[in-house]
Amino acid sequence: MSKSAFQELLANTRRLTILTGAGVSAESGIPTFRGAGGLWRTYQATELASPQTWNANPGLLWEFYNYRRQIMLDKKPNPAHHAIAKIEKRFREENRQFHLITQNIDDLHLEAGSQNVTRMHGSLWLLRCCLCSQIVENRNVPITPSFEGSGSPDPKAKQSNFQKEDLPKCSCGGILRPHVVWFGESLAIEDMEKSHEVSRECDLFLVVGTSAVVYPAAGLSVIAQRSGAKVAVVNLEPTTTDQVSDFNFQGKAGEILPDLLMVE
Ligand code: BV8
Ligand code: ZN
């Protein structure tokens, strides 16, 4: 189906839900997971992001996240993030429902002005105490002075050897970890419930820049489609979501979305 058919549908949509993945931040210069950028040193990002790695070597995992926080310092929202924030504003002004579900932890959607956002996998800028579970915002780069200059993705970079005293601490004395969802960890129940609700109840479900490999996020488009929503995909490449999609727009999100959502 064509762009004009999509735009006709968008004009008559009462409830719009958008799901984004790493591809929406690619044009901001942030490496995606499964592209070439998915490697850090000799590890796949998906191998590192696990409680097993944390328990075995919290210093290595903090090096990885310290690096990802560091590369965010000069990154900005791109036209895809701005288009999504603008269509939300239009829906709010026209009393129509909008919700954004993102798998990304870079917070660029918030920086672009998106408000109704569920960050299913957490945030690079939130830390959680392993002892008292307190969640704190923390924008220190490096995360602690011991991590100054650490985190190089170069496979030949010297292996980290951080001690507990090098790691960030909570006011209660506990060690602070990134407040992100690792593989094998459950999502926050309120995020799961909200994501399911807005996928079930929308008329139009727009999926932008995700390889649809990671669950439960990858299952949301099926929930939307089964609940009667139309599904649209914006991606550089074919993904499994195409099996349930009514519309498919191949290309860069930053180039497609401002025109597709008519928020030039
Ligand atoms: C869980 C945070 C219950 C950390 C991340 C079935 C049901 C339930 C669980 C599972 C299941 N099957 C398998 C599992 C386990 C696992 C899973 O899904 N594994 C995968 C690898 C098979 N899921 C979990 O563990 C989840 N937990 O379900 O709890 C449970 C509990 C115990 C045991 C079992 C189940 C937790 C998953 C969350 C993991 N955390 N991130 C961090 O970021 O460091 S996931 C990580 O991958 C990122 O969040 C990322 O967003 C996400 C998904 O990747 P994408 O965003 O899609 O990025 P990717 O690079 O893959 O693709 C980019 C796409 O963009 C590409 O298609 C590309 O073509 C496109 N693109 C690129 N440039 C552009 C573009 N498109 C448009 N424009 C461009 N310019
Ligand atoms: Zn604490």
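See the structure printed just above.
Each chain has its residues counted from 1, running along the sequence as written. Chain A is the first chain written and ligand 1 is the first ligand written, with later ones labelled in order. It should be noted that, the model being predicted, local features are given only for residues of pLDDT at least 70 and side-chain atom pairs only at 80 or more, the latter also being counted only at that level, while totals for whole chains, interfaces and linings use all residues. Neither water nor hydrogens contribute to the side-chain values; these are computed over all heavy atoms in the structure.

(A) Region of interest: the coordination of the zinc ion (ligand 2). Coordination partners: N, O, S within 2.8 Å of the metal, 3.2 Å for Na, K and Ca; water not considered, so apparent gaps in a site are possible. The protein atoms that coordinate the zinc ion (ligand 2) are Cys 129 (SG), Cys 132 (SG), Cys 170 (SG) and Cys 172 (SG), at distances of 2.2 to 2.3 Å. Around the zinc ion (ligand 2), the four donor atoms sit at angles spanning 103 to 120 degrees, and that spread fits a shape best called tetrahedral. The sequence pattern formed by the donor residues of the zinc ion (ligand 2) is C-x2-C-x37-C-x1-C. What makes Cys 132 partly exposed here is its relative accessible area of 37%. Angular criteria define each label, namely tetrahedral for four donors with all angles between 85 and 135 degrees, square planar for four and octahedral for six donors with opposite donors over 155 degrees apart and remaining angles between 65 and 115, and irregular for whatever fails these tests. In this scheme, a residue with accessible area under 20% of its type's maximum is buried, one over 50% is exposed, and one in between is partly exposed, where area comes from a 1.4 Å probe on protein chains only.

(B) The arrangement of the site of ligand 1 in detail. Residues are classed as near a molecule or strand on a simple rule: at least one heavy atom within 4 Å of it. Taken together, 33 residues lie around ligand 1, and Arg 34, Tyr 65, Arg 68, Thr 210 and Ser 211 are the ones closest in. Each polar contact in these results corresponds to two N or O atoms within 3.5 Å; when the atoms are within protein, one needs to be able to donate a hydrogen and the other to accept it, and residues that are neighboring in sequence are counted only if both atoms are side-chain atoms. Between ligand 1 and the protein, one listed contact pairs a nitrogen atom with a side-chain N or O atom of Glu 27 at 2.9 Å. Here a nitrogen atom of ligand 1 sits 2.7 Å away from a polar atom, N or O, in the main chain of Val 181. In the complex, 77% of the free accessible area of ligand 1, which totals 1500 Å², lies under the protein chains. The Shrake-Rupley method, run with a 1.4 Å probe sphere, supplies the accessible areas, and residue values consider only the shown protein chains as cover.

(C) Main features of the sheet that holds strand E7 (residues 135-137). Strand pairing is assigned whenever DSSP identifies at least 2 bridges connecting the two strands. In this text, helices come from DSSP runs of H or I with a minimum length of four residues, and strands from runs of E with a minimum of two, each type numbered from the N-terminal end. In space, the three strands of this open sheet follow the order E7-E6-E8, with antiparallel pairing throughout. Single-partner strands in this sheet number two, and they are E7 and strand E8 (176-180). Within this sheet the neighbouring strands show an average axis-to-axis angle of 45 degrees, counted without direction. As judged from the three bridges shared by strand E6 (residues 122-129) and E7, these two strands associate in the antiparallel manner. Its bridge partner being in E7, Leu 127 is matched across the sheet by Val 136. Fitted lines through C-alpha atoms give the axes, limited to the stretch in contact for helices. The angle between two N-to-C directions lies from 0 to 180 degrees.

(D) Focus on the side chain of Thr 20. Mapping Thr 20 onto the fold places it in strand E1 (residues 15-20). In this structure the side chain of Thr 20 is engaged in a polar contact, spanning 2.7 Å, whose partner is the side chain of Thr 102. Contact definition: two residues touch when any of their heavy atoms are within 4.5 Å. With sequence-adjacent residues up to four places away left out, Thr 20 is seen in contact with Ile 84, Leu 100, Ile 101, Thr 102, Gln 103, Asn 104, His 109 and Val 208.

(E) Just the packing of helix H5 (residues 79-93) against helix H9 (residues 253-260), in detail. Contact geometry of H5 with H9 gives a least axis separation of 7 Å together with a crossing angle of 25 degrees. Considering their axes alone, H5 and H9 lie roughly parallel with respect to each other. With respect to the hand of their crossing, H5 and H9 are arranged in left-handed fashion. Mapping the contact onto sequence places Pro 79, Ala 80, Ala 83 and Ile 84 in H5 and Ala 253, Gly 254, Leu 257 and Pro 258 in H9. Comment on the angle field: the value is read as roughly parallel under 35 degrees, roughly antiparallel over 145, roughly perpendicular from 65 to 115, and oblique elsewhere. If you view the pair so one helix is near and one far, a crossing is left-handed when the near helix is turned anticlockwise from the far one by less than a right angle, and right-handed when it is turned clockwise.

(F) Highlighting the packing of aromatic side chains. Here the aromatic set is Phe, Tyr and Trp, taking the six-membered ring for Trp, and pairing holds for ring centres within 6.5 Å; pairs whose planes are under 30 degrees apart are stacked, those over 60 apart are edge-to-face, and all others are tilted. Enumeration according to the criterion identifies nine aromatic pairs in this entry. Centroid distance Phe 6 to Phe 249: 5.5 Å. Interplanar angle 80 degrees. Geometry classified as edge-to-face. Linking Phe 6 in helix H1 (residues 3-11) with Phe 249 in strand E11 (residues 247-250), this pair joins segments that are 243 residues apart in sequence. The pair Phe 6 / Phe 249 is uniform in exposure class, with both members buried.

(G) A look at the nonpolar core. Only buried residues count toward a nonpolar core. Its members are Ala, Val, Leu, Ile, Met, Phe, Trp, Tyr and Cys residues joined through side-chain atoms within 4.5 Å. In this structure, Trp 40, Leu 48, Leu 61, Trp 62, Phe 64, Tyr 65 and Trp 182 are the most contacted members of the largest nonpolar core, which totals 29 residues. Among the secondary structure elements, those contributing two or more residues to this core are helix H2 (45-48), helix H4 (58-71), E6 and E8. With six residues, the single largest contributor to this core is H4. Not counting residues up to four positions away in its chain, the partners in contact with Phe 64 are Trp 40, Ala 45 and Leu 48. By size, the runner-up hydrophobic cluster in this structure holds 26 residues, among which are Val 24, Phe 91, Leu 100 and Ile 256.

In short, geometric facts, not functional conclusions.
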